[in-house]
Amino acid sequence: MTTDINNKRPACYVPWVTRYDWGNGNISPCCEFDPNMKINITENMSLEDSFDHPKMKALRTQLLTCDKNDIDALPSGCNQCKVFEKAGAGSMRQGITQVVEDAERYSSYKFNPDEFKLLWLDYRESNLCNFSCKMCSEDLSSTHAKIRGLYGKTGIIKNPHNLQMYLDRLDEVKYVQFLGGEPVLTDSMYIILKEIRKRNLQHNIDMNITTNGSLLHRNNDNLLELFEGFRNVQIAISIDATGDQHDYWRHKGTWNIVWKNIREIEKWAHSQNGANMKIRTAIAWPNAYAARKTFDIFADKLNNGKVFHQWNLVNIPRGLSLKHLPQDILDDLVIWWENYPVVAEMFKNVISNPSMKELMWAKKDIFKRHDAWHGNSFVEAFPEFEDFYNNIEDM
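Residues numbered from 1 in each chain as written. Predicted model: local features only at pLDDT ≥ 70, side-chain atom pairs only at ≥ 80, totals over all residues. Heavy atoms only, no water.

(A) A look at helix H5 (residues 92-106). Relative to the 21 Å expected for 15 residues at 1.5 Å per residue, H5 spans 21 Å between its end C-alpha atoms, a close match to the ideal helical length. If you follow the buried residues of H5, they end up packed against helix H1 (14-17), helix H4 (79-86), strand S3 (120-121) and strand S4 (175-178). (Helix = DSSP H or I, 4+ residues; strand = E, 2+ residues; numbered from the N terminus. Expected span 1.5 Å × (residues − 1). Contact = heavy atoms within 4.5 Å.)

(B) Quick peek at the pattern of salt bridges. A complete count under the given rule lists 20 salt bridges for this structure. Across the salt bridge formed by Arg169 and Glu48, the nearest N and O atoms sit 2.3 Å from each other. Separated by 121 residues along the polypeptide, Arg169 in the loop between helix H7 (163-167) and S4 and Glu48 in helix H2 (residues 47-51) bring together distant segments of the chain. For Arg169, a relative accessible area of 13% puts it in the buried group. The exposure class of Glu48 is partly exposed, given its relative accessible area of 41%. (Salt bridge = Lys/Arg side-chain N within 4 Å of Asp/Glu carboxyl O. Buried < 20%, exposed > 50% of the residue type's maximum accessible area, 1.4 Å probe, protein only.)

(C) Spatial organisation of the sheet that holds strand S10 (residues 307-313). Pairing is parallel in the open sheet, where six strands are placed in the order S3-S4-S5-S8-S9-S10. For this open sheet the edge positions go to S3 and S10, each flanked by a neighbour on one side alone. Sheet topology note: the strand S8 (residues 232-238)/strand S9 (residues 275-283) ladder contains six bridges and is parallel. For Ile237, the partnering residue across the bridge sits in S9 and is Ile279. Packing of helix H8 (residues 187-198) onto the sheet brings it into contact with S3, S4 and strand S5 (206-211), and relative to S4 it is tilted by some 155°. (Pairing = 2+ DSSP bridges. Axes fitted to C-alpha atoms, helices over the stretch in contact; angles between N-to-C directions.)

What follows is the structure, given as structure tokens:
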């Protein structure tokens, strides 16, 4: 029995237009969906088979029947989008909706609730990454995996899904998203870009890459040259702090090259029609003060239509959530961020609910483990949280 396609519009289009491949082969509707609710598989699964998987079918039913205007009515796996939208930050749901609306407006695509079309390509080849960002995990960073002693000497896990099934559907694609791991290190990104260019499809496709900003070349491939000619290009660089605090939070000794590449990307964006640079800042309790400098250094660049700034909250791992801060620190952060009223309001709305169990886990499993690996110190990098950190009980 089919669904009445004339009257049904889902609260989110994700399971109809994309699929998120984890580096280890597990799949989710999208990269923001609750990782605890992913579909565990160990071998290739076609796009059609995943569309018809019982968990995906159940999600589609929920999205078709819930109130799309009520953010709280979204399924439980969509909590990230709920949090982002309530905080005034952009969400995956909003981005997907825009892609679908544009496809219906400017192409022959028409949404059909009984049909999968690959409008949004998001293939993750592996967890290969040269950074060890504190809020990340071994499934998304091979460096994290090496720190934890997982996945052999390299820490790399590879996606068993066949890239060719994505390449076969490039004619459907309206938006390509490259993330990782670190996508600039992966073969699949270059294969996809070169195949798109070979078939002269780039003029019909919007492209987004989220990168740590440490690399603009691989072997003989120049990243910026491969991006030329796409309908729209957004290069998003993840910057959660600057200087020594960036080096601690994301990866030791990397800020100078990242800052150099940011300036090169900005210059390139100004030379290209439809190209822009986005700075993405994820706010957790450790960088709650430090993140403001990221906002400050880009504040004078945001009025030219070529540089944008997006922020979101770190909710996973839970030990890094803002809720762990005591009320007096949250109150101080409201004042600290007063020049950025939306962010200040977000801190004002955070409900203090510290969990010593989660904080102890973060101190041992993230900070102490990484400090031992890198030979650095949390309290030296974030002295503003020295008392708070030292008061977290050791396990």
